[in-house]
Amino acid sequence: MENLAIKLFGKTLRNPVMNASGTLGYGKEIEPLWGIETLGAYVTKGLSAKPHHGNPTPRVWEEGNGMINSIGLQNIGVERFFDEYFPYFKKRNAHIIVNFFGFTEEEYFACAEKIRPDPLIVALEMNLSCPNIKMGGISFGKEPNMVFEIVKHVKAITNIPLIIKLTPEVKNIVDVARAACEGGANGLTLINTMPAAVVDIKSRCIPLKGGLSGPILKPIALRAVHECSKAVSVPIVGVGGIMNTEDALSFFMAGASAIQIGTATFLDPYVIPKIIRGISRYIDEHKLSRIDDVVGIARE
Amino acid sequence: MDDIEATILKNRNIVSDYYLLKLRLSKPIGKVLPGQFVMLKVPGNEVFLRRPFSVYDHDKNSLTLMYRVVGKGTRVLSNIKKNERTLVLGPLGNAFNVKRADKHIVVAGGIGIAGVHTLIKKLGKKAHIFFGCNTREELPLIADILEFNPMVATLDGSIGFAGNVIELLQGRIEPMMGKDTMIYACGPDGMVKSLRKMLEKHRTPCQVLVEERMACGLGLCFGCVIRTTDDAEPYKRVCKEGPVFDLWKISL
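Residues numbered from 1 in each chain as written. Chains lettered and ligands numbered in written order. Predicted model: local features only at pLDDT ≥ 70, side-chain atom pairs only at ≥ 80, totals over all residues.

Draft legend 1. Structural view of the sheet that holds strand 10 (residues 187–190) of chain A. All names here are of chain A. Sheet architecture is open: 8 strands sit in the order 3-14-13-10-9-8-7-4, paired in parallel fashion. Edge positions in the sheet fall to strand 3 (17–19) and strand 4 (42–43), since each has one partner strand and no second. In this structure, strand 4 lies alongside strand 7 (residues 96–100), joined through 2 bridges in parallel fashion. Its bridge partner lying in strand 7, Tyr42 is registered against Ile96. (Pairing = 2+ DSSP bridges. Helix = DSSP H or I, 4+ residues; strand = E, 2+ residues; numbered from the N terminus.)

The following block contains the structure:
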C-alpha cells in the first residue's frame, strides 16, 4: 500500500484517508480494533481553549439514511489533550490534524496559540460552524467577510498550516471558500454536517436539533467539493457520507486531495482500513502511480 | 472484542413485546462479563445504526439477547427470520464489579432482567433476586432463573407481591443489610429513582446498569452520555465508562 502516500503541506502521509473530527473519540478508543497509524492522519475531536461539558441527551438520533447529532462539542480542552493523548500519537508515529473551535474570536485565538508546531502535526482544522456569541449567535462560517477576518487573524497567530472546515448552510459555498483562501487558508475541509431537526409525533416534541450526517449528505458534499476545487487552488479534504471505496473515489474525482470518514465508522468500525485497502486496490487495478492521478478528473 | 459474523438461530416471541434472539457466532466472542453488551446490526437496510443489547446469555459459539420492542430498530428486528446473517460487535463496556464477600441483592424491572441475567447466573443461589413486572403473563421472562427463588412483584397484583419491585424490596431488605451488602439494579428510570430514595439514608453500595441511545458503542462519538456527580467532566459515556455505574455517582 506504498502507492497510497500523499504530500500535504510538506509532510508525507501514509494515505489520503482521515477520520472526520469527533467520530473517533480521542483516538485511543479504536485501538482494540486497529492501530491509529493506519490513518493518513488522525483528526482530533474538536478542541477548545477551555474544556466543554457538551449537551444533555438525547445527543444522537437515527434519521432515515443518516443520523443527527448534538454532542455539544464536549471535550477536555486543548491542554489536557496534548498532556494526556498526544504522547500516544508520538509513540505510534501517527500524524494528527488538530480540529479546534471557539464561541468568540478570542477563544479561537487562545486555542490556536496553545498548539506548538510538531513534526507530527500536519495542520490545524478550524471548525467555523460554531455560533459567534458576540454577534447574536450567527455562525462564523456563514458570511465570507467574517470567514476572511477570522482566518487572517488566526494565520497571524500560528505557523502551523491552517485548514478551514466549512458549513454547507451558506448562500454560496464557493464565495466562502474564496474568502477563506484570501484570508490565508492552506486547505479546506468540505463539508461539516447540515443543520437538521427531528419531530417525535408521539410526544409532539422536537427531541433534538443537530448536525445531519451519513450517506444522505454525500451528494451535497460532492457538489461543494467539485465547485470549490475549481475556484481555489488549495488542497481540499472531502467529507460527507462516505460509506465505501466507491464513495471515496467519487470524492477524489470530484476534486478532493484527501478524504474523511465519519458516520460510517459507527456502522462498521473497520470501514476505514477497508476503504484504505480499497483505494490501494483501485490504484493497482487501474495502473495509476498514485491517487493524485484521479483527483479532480471528473468532468461535467 | 471484535466484530463477529453471526447467523440468526431463533428469534422467538416470549410474551407481549418481549423477544429472545439467539445467534450462532462464526468465531468465539471470548470472555463476556456480567453487564457487558454488544452492538447488533439489524439485518436488512431499514435500520441505519446498530443497536445496543445486553448479553443475556452466551457460550463459545452462540449469543442470546433478550429485547423488548420499543422503537423502529427493535420492531424491524422482531420480524427478522431464522438463518438471516448479521454482525455483532462486542463484548463492550464495563461489567458489574462482583466481589466475593458481598451479600448480593439483584433488582430488575421488566426488560431490565436482560441486563442482570448473566450476573444472576454467576451469583446463583448467593443472590437475593427481586423482579418486578406488570402482570403474571410476563413471568416467562424469568422462567430460567426460577431455581434461584426470585421474589416477584406485579403491578396488577396477579401474582406475588402487589405493587412495584422497590416496594417489595422495602419490606424485605432490612435483614439483608450488612456492611458488605451490594445491590445490583437494572430497570426503568422510575425504578432506579425509587431505589435510590429508599437507599438514601445509608447510601448502601449499589451498581446500576443504565441504557441510552447509542451510535458507535465504542466511545468514539460521545453520543450516549449520562450526567454524573463529577463536576469537572459531568457527562460520561454509557458505552465506555458504563453501562454499569455507581448509583451514588450518577445524577438522576
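Having seen it, we continue.
Draft legend 2. Representation of the sheet that holds strand 5 (residues 60–62) of chain A in the model. Residues and elements named next belong to chain A. Pairing is antiparallel across the open sheet formed by 4 strands, whose spatial order is 5-6-12-11. The sheet terminates laterally at strand 5 and strand 11 (194–197), the two strands that pair on one side only. Between one strand axis and the next, the sheet turns by 40° as a mean value, whatever way the strands run. (Axes fitted to C-alpha atoms, helices over the stretch in contact; angles between N-to-C directions.)

Draft legend 3. The arrangement of the domain arrangement of chain B in detail. Residue and element names in this part refer to chain B. Under the domain assignment used here, chain B contains domain 1 (2–92) and domain 2 (104–183). The element contributing the most residues to the side of domain 1 that touches domain 2 is strand 6 (residues 62–68), with 3 residues. Among the residues making up the side of domain 1 that touches domain 2, the classes are represented as 8 nonpolar, 3 polar and 2 charged. (Domains from an automatic or database assignment. Nonpolar A, V, L, I, M, F, W, Y, C, P; charged D, E, K, R; others polar.)

Draft legend 4. Region of the structure containing unusual backbone geometry. Omega for the peptide link from A:Thr57 to A:Pro58 comes to 0°, which places this bond in the cis form. Relative to the helices and strands, A:Pro58 resides in the loop between strand 4 and strand 5. Note the cis peptide between A:Leu190 and A:Ile191, where omega equals 10°. Of note, A:Ile191 is situated in the loop between strand 10 and strand 11. The phi dihedral of A:Phe9 falls on the positive side, at around 50°, and the residue is not glycine. Note that A:Phe9 resides in the loop between strand 1 (6–8) and strand 2 (11–13). Residue classification places A:Phe9 among the partly exposed positions, given that 17 C-beta atoms sit within 10 Å. Here the phi dihedral of B:Arg203 falls at roughly 45°; this positive angle occurs in a residue that is not glycine. Structurally, B:Arg203 can be placed in the loop between helix 4 (189–199) and strand 13 (206–209). (Buried ≥ 20, exposed ≤ 12 C-beta atoms within 10 Å, placed from the backbone.)

Draft legend 5. The arrangement of the nonpolar core in detail. Formed by 168 residues in total, the largest nonpolar core has its most connected members in A:Leu188 and B:Val106. Domain assignment of the residues forming this core places at least three in each of domain 1 (2–92) and domain 2 (104–183) of chain B. (Core = buried A, V, L, I, M, F, W, Y, C linked by C-beta atoms within 7 Å.)

Draft legend 6. Inspection of the interface of chain B and chain A at higher detail. Taken together, the contact between chain B and chain A spans 20 residues of the former and 26 residues of the latter. Looking at the side of chain B that touches chain A residue by residue, the classes come out as 13 nonpolar, 2 polar and 5 charged. (Contact = placed C-beta atoms within 7 Å.)

Draft legend 7. Summary view of helix 3 (residues 144–157) of chain A. Residues and elements named next belong to chain A. Over its 14 residues, helix 3 extends 20 Å from the first C-alpha to the last, a length consistent with the 20 Å expected when each residue adds 1.5 Å. Along helix 3, the positions that sit buried rather than exposed are Pro144, Val147, Ile150, Val151 and Val154. Each buried residue of helix 3 lies within a common arc of 135° when the element is viewed along its axis, so the set occupies one face. Facing away from the buried side of helix 3 by over 90 degrees, the exposed positions are Asn145 and Ala156. Its buried side turned inward, helix 3 meets helix 2 (105–113), strand 8 (121–127), strand 9 (162–166) and helix 4 (173–182). (Expected span 1.5 Å × (residues − 1). Arc of directions from axis to C-beta.)

Draft legend 8. Representation of the environment of B:Asp2 within the structure. Within the fold, B:Asp2 resides in strand 1 (residues 2–15). Sequence-wise, B:Asp2 and B:Lys27 are 25 residues apart; in three dimensions their C-alpha atoms are separated by 9.8 Å.

Draft legend 9. Focus on the packing of helix 3 (residues 165–172) of chain B against helix 4 of chain B. All names here are of chain B. Between helix 3 and helix 4, the shortest axis-to-axis distance is 9 Å and the interhelical angle comes to 25°. Relative to helix 4, the element helix 3 is oriented roughly parallel. Classified by chirality, the crossing of helix 4 by helix 3 is right-handed. Of helix 4, the residues touching helix 3 (which contributes Val165, Ile166 and Gln170) are Met191, Ser194, Leu195 and Met198. A per-class count over the contact of helix 3 with helix 4 returns 5 nonpolar, 2 polar and no charged. (Parallel < 35°, antiparallel > 145°, perpendicular 65-115°, else oblique. Left-handed = near helix turned anticlockwise from the far one by under 90°.)

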